[in-house]
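Topology and contacts: notes
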Amino acid sequence: MKETVRGVVTGVNGPIVRARGLQGIRMLDIAEVGPHRLIGEVIRLDAESAVIQVYEDDTGLKPGDEVSSSCRPLSVHLGPGLISNIYDGIQRPLVDIAALQGSHIRKGVKAPPLDMKRRWHFTPVAAAGDVLAPGAILGEVRESESVLHRILLPPGLSGKLERLAGEGDYTLEDDIFGLQGMPDFRGTLASFWPVRQQRPYAKKVSAGAPLITGQRIIDTFFPIARGGTAAIPGGFGTGKTMTQHALAKWCDADIIVYIGCGERGNEMTDVLNEFPRLTDPRSGRPLMERTVMIANTSNMPVPAREVSIYTGITIAEYYRDMGYGVAVMADSTSRWAEALRELSSRLGDMPAEEGFPPYLATRLAEFYERAGCVETLSCGEGSITTIGAVSPPGGDFSEPVTQHTTRFVRCFWALDKVLADARHYPSISWIDSYTEYIDEVRDWWNERDASWFDTRREAMHILLEDDRLQQIVKLVGPDSLPVQDQLTLFTAEMLKNGFLQQNSFDPKDMYCGTAKQIKILAIIVAFHNEARELLSRGVDLKAITSMQVVGEIIRLKSEVGDHEVQLIDEANQMMKSQFSALNAEAAPAGGGNREGAVAP
Amino acid sequence: MNREIEYTGLAAIRGPLVFVEGVRNVGFGELVEIRSSTGELRLGQVVEVDEDSAAVQVFEGTSGLSLEGIGTTFIGRPLEIPVSREMLGRVFDGLGRPADGAPQVTTDVMMDVNGLPINPYSREYPRDFIQTGISAIDGMNTLIRGQKLPIFSGSGMPHNRIAAQIARQARLLTSGEEFTVVFVAMGVKFDVARFFIDSFEKSGVLENTAVFLSLANSPSIERLITPRAALTLAEHLAFTEEMHVLVILTDMSNYCESLRELSSSRGEVPSRKGYPGYLYSDLSSIYERAGRIKGKNGSITQIPILTMPSDDISHPVPDLTGYITEGQIVLERELFNRSVYPPIAGLPSLSRLMKDGIGEGRTRKDHAGLAAQLFACYARVKRIRSLASIVGEEELTELDRTYLKFGEVFEHQYLSQGEFENRSIETTLDIGWRVLSVLPEKELYRISREDIQKYYIPSEEAQ
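Treat the numbers as computed from the prediction; the structure is a model and nothing was measured.

In this section: the overall build of chain B. Summing up its helical and strand segments, chain B has 14 helices and 22 strands in all. Here the C-alpha radius of gyration of chain B, 25 Å, is about what a compact globule of 463 residues would show, namely 23 Å. Buried positions account for 53% of the 463 residues belonging to chain B. Expressed as a percentage of contacts within chain B between residues at least 6 apart in sequence, the contacts between residues at least 24 apart total 72%.

Structure (structure tokens):
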């Protein structure tokens, strides 16, 4: 370990502190500032002084106060015990802090991120004498019912394993392994990693499977691949956080890292209350058993908000390296960008657009690039899917954070104020959203239903046609349209109410499995095609739209559970027979030219 | 404290900031006393400190100060105010000092006005429904104990009357408990403050109310402390005395302007409309002081009021507020012009905490579905109205015309009510069903069949 250097504070401006005398300190090293030993990070260096951004409230700090540093970069402590925990932006455990200090966070609090006294049951996989490469599996710990924690040789270390502890219960302080030629080294179950540095992997691979979220508009219309990146931009009240929560609850990732970055305290509390009670639809275990939370709410210090994003993604990479599919939800990246802006403004940087620093785009790119599917060093494939919420001021997507984000994500779920106002949730716009992952996930869906791609395309066509027709309707009213177009409007309405809209409080509707999605979409598209056929035979549109089955179809989403999708087939039968009845009624009138009826 | 040294003379004065040189041992954020040559005492706070100089923001403003003959004393701790239950029924100035002629409250408890962030883990998720007696709020944008729910208004609209009505009528359904009120006026005219005080007096809650006044003629920088001082008292009442506190803050737009003034005189890089880049963080340090804490009985519910310049909801102040608060009550000029009281906009208003505070055992089982359906139908009314204004009502389908009728009935029977009309939640929900029954049953796709059977009034009966 490097030795400690000491210096003194020369100036304080909010969270930006200047200090002198820190010989040999490097950029991004951690320093402890003042009598409370507040944590800070060196962000600028010149010949005489260092500029430190302090992660805690520094009221009362004086010129002349001591600064010390052990010349190490800001790191997270990685090991068993991360799961189910809730941390602030610099990985301080909020539960332990509450136990130490009560309901409010005071400055200078110190608590180890991981429980150093808890015993974990370790089962070795490697054996003494093995020659190991970096990232090799040493053994396993059952971290929670849902997560088997693989203890890996930290990246950067390799060689012949001199000793490895046998099966048994160990704390994070216990000596677990040693390497030949490193007599002073004591390997433990946990290790440190600098947050601003990407963890190594063997190589990036391309994505294959979609991340299934149980949200119909996402899975069916705008799917995201495992290892993909997505942005959810939306003005206030459009449901960004609700959408993020729904994804964190239901997506089929192995591990969820939820970063509450500069958002509301009560929303984090909501997650904390809800996740232990909700069960994962696949494993049947509480969702909390696969979740790590980072909460740096809006009233907590701004610099810690800036770093919370990196803390979160580093933890995600750690689990990725064990071969897991990890999903990172960052809510909201705009608050993170604002933290950058605030700090850069205090440093007197020349601003670029809207006061944001010129390096905003670079930082965003670096963050999203840490997502992806990789071949890990030793655990097969792992992935990180990153979903970032964006909060554009005034809901205006042309602002810098939204604009730069769109350059680095491949999936864009635009939230629409008009939909949110009508309480149509999720308020993801089917007009403005897009995904670039269709080709990647197409094979996966085709294996489940060969007609998926075509059905989806037809449904999308109806919705886009509806959007076009609505422009005309605004000018001339719906009655002036040809009946075929009126039918399109009607079917689009069915799609919106019966498919796109999803109630996250309805026990049967909150999670919608892929089989149910395919079937509901298919029945609505089939309705449209049948109806078109009948219209062309002269059947009255009103007779079709007032069919009893229409109401049934719209209610399928909330009345049919995932284990009873055959009920949708019954509704399909019912629809067919009601159509035949209509057809029979129409037959005497339109029977003459039945053979000649052509679908347009 | 012994270490207090008085420094004489200032190096510079710029806007609300004064610069003192040759200082030693001064901490960031600490309180400063500035004594002018006439002996007048002003308070300030250190906003930047170097090895031998300090920048001090003077709360009372710098007018009348000169460079010579000024004595500054650094107090060595941040601004603190005394807090006690005895402060109810009293009036204070913008810095929390008595302004009603009565002496300073005697108490040992001094608290830092900046407060401390609540640990997210220690928060109790707010779930208790507050009945305000206003249908547009109770039925569709429910207020929850521990919530921060602002009123977005415009000049001339009755935001003050609505806030006073809420303060007067707010009750918990379960216990009928009343609220202790902390009223904060920032940069508003005296008559606005008078209106609130009179209204508290009439409804007999004045002795249960603490009033903090930084009126339009008070120094602008003082306003940066006013909400913090008031919330410090609110925190004491809620989390030490375990009371339920309703904090009304008016007008947050004035607060933000003071912040802009300070930021500009410090020469900071502005973001939108000249407001500082940290406006979001600064506002959240006020709004996030609302809430509930595990294991404590009390709560802080905030109703900040802000006027949107030219009714523009995308203006930085309402915009950033909306990102922090748990919803918003938006007043609509068009409804106001048609003399609908309260003119609460049907669609842009929202309560984020509503989902967990209503339903069986809290309000009524049909509440969530009913509210969702009203929103959806009213959204359609708005769409049809804009269509009708182009193609004419005659061109509309029969169903669309029924929707227009629903819109009228909704605005006049559901939204509209008297300033002193206190509707129970049952009444609100029943009116909701009566209004919804204007529409044919099959239009109600967001409500469960069961509820429709129980509450829907088929058209024959409705006639």
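The helix and strand inventory of chain A stands at 16 helices and 25 strands. Over its C-alpha atoms, taken along the principal directions, chain A stretches across nearly 100 × 55 × 40 Å. Counting all 600 residues of chain A, 52% fall into the buried class.

Neighbouring strands of a sheet are bound in pairs by backbone hydrogen bonds; such pairs are parallel or else antiparallel. All names here are of chain A. Spatial strand order, 12-11-9-14: four strands in an open sheet with antiparallel pairing. Since the sheet does not close on itself, it has two edges, and those belong to strand 12 (148-152) and strand 14 (168-170), each with one partner. This sheet shows a mean twist of 40° between the axes of neighbouring strands, independent of strand direction.

Contact residues are listed per partner, giving 61 residues for chain A and 59 residues for chain B. Only strand 1 (5-13), helix 1 (94-101), helix 4 (265-274), helix 6 (333-346), helix 11 (452-476) and helix 15 (548-559) of chain A provide two or more residues apiece to the side of chain A that touches chain B. Counting residues per element, the side of chain A that touches chain B draws most heavily on helix 4 of chain A, which supplies seven residues. Looking at the side of chain A that touches chain B residue by residue, the classes come out as 24 nonpolar, 24 polar and 13 charged.

Here we come to the domain arrangement of chain B. Residues and elements named next belong to chain B. The domain architecture assigned to chain B consists of domain 1 (6-78), domain 2 (81-357) and domain 3 (367-462). Its C-alpha centre places domain 2 at a distance of 32 Å from the equivalent point of domain 3. Each side of the interface is counted separately: domain 2 has 18 residues, and domain 3 has 20 residues. For the side of domain 2 that touches domain 3, the secondary structure elements donating two or more residues are helix 1 (135-138) and helix 2 (159-169). Its residues assigned to classes, the side of domain 2 that touches domain 3 comprises nine nonpolar, seven polar and two charged.

For the rest of this paragraph, the subject is the packing of helix 11 of chain A against helix 10 (residues 367-391) of chain B. For the pair helix 11 of chain A and helix 10 of chain B, the least separation of the axes is 6 Å and the interaxial angle reads 55°. Judged by the inter-axis angle, helix 11 of chain A sits oblique to helix 10 of chain B. Across the interface between the two elements, V473(A), K474(A), L475(A) and V476(A) from helix 11 of chain A touch L387(B), I390(B) and V391(B) from helix 10 of chain B. Here the contact of helix 11 of chain A with helix 10 of chain B is built from residues that sort into six nonpolar, no polar and one charged.

Attention now goes to helix 6 of chain A. Within an α-helix, residues lying three or four positions from one another point in the same direction, as the helix has 3.6 residues per turn. All names here are of chain A. With 14 residues, helix 6 should cover 20 Å at 1.5 Å per step; its first-to-last C-alpha distance of 20 Å lies within 8% of that length. In terms of burial, helix 6 is largely enclosed, as 14 of its 14 residues are buried. Trailing helix 6 by a residue or two, G348 shows a phi angle of about 80°, which is positive.

Let's shift gears to the sheet that holds strand 12 (residues 129-131) of chain B. Residue and element names in this part refer to chain B. Strands sit in the order 13-12-15 across an open sheet of three strands; the sheet is antiparallel. Single-partner strands in this sheet number two, and they are strand 13 (143-144) and strand 15 (171-172). The pairing of strand 12 with strand 15 spans two bridges and is antiparallel. Paired with Q131 across the bridge in strand 15 is R171.

Another point: the environment of L116(B). Note on placement: L116(B) falls in the loop between strand 10 (110-112) and strand 11 (123-124). Its 18 C-beta neighbours within 10 Å are what place L116(B) among the partly exposed residues. Note: C-alpha distance between L116(B) and S220(B) (104 residues apart in sequence) is 24 Å. Excluding its chain neighbours within four sequence positions, the residues that come into contact with L116(B) are H104(A), I105(A) and R106(A).

For the rest of this paragraph, the subject is the nonpolar core. Core analysis: the biggest nonpolar cluster contains 301 residues, and V328(A), I524(A) and V247(B) have the highest contact counts within it. The leading source of residues in this core is helix 10 of chain B, at 11 residues. Discounting chain neighbours no more than four positions away, the residues touching V247(B) are V182(B), V184(B), A230(B), L231(B), A234(B), I300(B) and Q302(B).

With that out of the way, let us pick up the pairing of strand 21 (residues 327-330) of chain B. Residues and elements named next belong to chain B. Of the two faces of strand 21, the one carrying G327 and I329 and the one carrying Q328 and V330 are both buried. In this structure, strand 14 (residues 151-153) lies alongside strand 21, joined through two bridges in parallel fashion. Counterpart to F152 in the pairing with strand 21 is V330. Sheet topology places strand 21 next to strand 22 (residues 350-351); two bridges connect them, and they run antiparallel. Directly across from Q328, in strand 22, lies its bridge partner L350.

Okay, helix 10 of chain B next. Taking 1.5 Å of rise per residue, 25 residues should cover 36 Å, and helix 10 of chain B covers 36 Å from first to last C-alpha, within 8% of that figure. Two residues or fewer after helix 10 of chain B comes G392(B), characterised by a positive phi angle close to 90°.

Segmentation of chain A into domains returns domain 1 (5-73), domain 2 (203-439) and domain 3 (449-596). Measuring from the centre of the C-alpha atoms in domain 1 of chain A to the corresponding centre in domain 3 of chain A gives 65 Å.

Moving on to the packing of helix 10 of chain B against helix 12 (residues 425-436) of chain B. Residue and element names in this part refer to chain B. It is the contact of helix 10 with helix 12, at a shortest axis distance of 11 Å, that shows an interaxial angle of 45°. The angle between helix 10 and helix 12 falls in the class oblique. The way helix 10 lies across helix 12 gives a crossing that is left-handed. On the side of helix 10, the interface is formed by H367, L370, Q373 and L374, while helix 12 contributes L429, G432, W433 and L436. Within the contact of helix 10 with helix 12, the residues separate by chemical class into five nonpolar, three polar and no charged.

Between D331(A) and S332(A) the backbone carries a cis peptide bond, its omega angle lying at 5°. Position of S332(A) relative to the elements: it lies in the loop between strand 21 (325-331) and helix 6. Cis geometry is adopted by the peptide bond preceding D251(B), which originates at T250(B) and carries an omega value of 0°. Positionally, D251(B) belongs in the loop between strand 18 (244-250) and helix 5 (252-265). The phi dihedral of S84(A) falls on the positive side, at around 70°, and the residue is not glycine. You can call S84(A) buried: it has 20 C-beta atoms within 10 Å. The backbone phi angle of R423(A) is positive, close to 55°, even though this residue is not glycine.

Looking at chain B as a whole, the pLDDT averages 91, with 98% of positions reaching at least 70. On the interface metric, ipTM, the complex scores 0.88, and its pTM is 0.92.

Our focus in this paragraph is the confidence of the model for chain A. Looking at chain A, pLDDT values average 91 and 97% of them are 70 or higher. Throughout residues 590-600 of chain A the model reports pLDDT below 50, and contacts reaching past four residues in sequence, or to other chains, amount to 11 contacts.

Here E288(B) is to be found in the loop between helix 6 (279-287) and strand 19 (292-293). Not counting residues within four places of it along the chain, the set of residues in contact with E288(B) comprises G265(A), T297(A), S298(A) and N299(A).

Attention now moves to the pairing of strand 1 of chain A. All names here are of chain A. Relative to strand 6 (residues 66-69), strand 1 is paired through four bridges, and the arrangement is antiparallel. Within strand 6, the residue paired with V8 across the bridge is E66. Relative to strand 2 (residues 16-20), strand 1 runs antiparallel, the two being bridged by five bridges. Its bridge partner lying in strand 2, V8 is registered against R20. Turn length for the strand 1-strand 2 hairpin, with the two strands adjacent in sequence and antiparallel, is two residues, and the turn residue G14 shows positive phi of about 60°.

Rules behind the numbers
Residues numbered from 1 in each chain as written. Chains lettered and ligands numbered in written order. Predicted model: local features only at pLDDT ≥ 70, side-chain atom pairs only at ≥ 80, totals over all residues. Helix = DSSP H or I, 4+ residues; strand = E, 2+ residues; numbered from the N terminus. Rg over C-alpha atoms; globule rule 2.2 N^0.38 Å. Buried ≥ 20, exposed ≤ 12 C-beta atoms within 10 Å, placed from the backbone. Contact = placed C-beta atoms within 7 Å. Pairing = 2+ DSSP bridges. Axes fitted to C-alpha atoms, helices over the stretch in contact; angles between N-to-C directions. Nonpolar A, V, L, I, M, F, W, Y, C, P; charged D, E, K, R; others polar. Domains from an automatic or database assignment. Parallel < 35°, antiparallel > 145°, perpendicular 65-115°, else oblique. Expected span 1.5 Å × (residues − 1). Core = buried A, V, L, I, M, F, W, Y, C linked by C-beta atoms within 7 Å. Left-handed = near helix turned anticlockwise from the far one by under 90°. pLDDT = per-residue confidence, 0-100.

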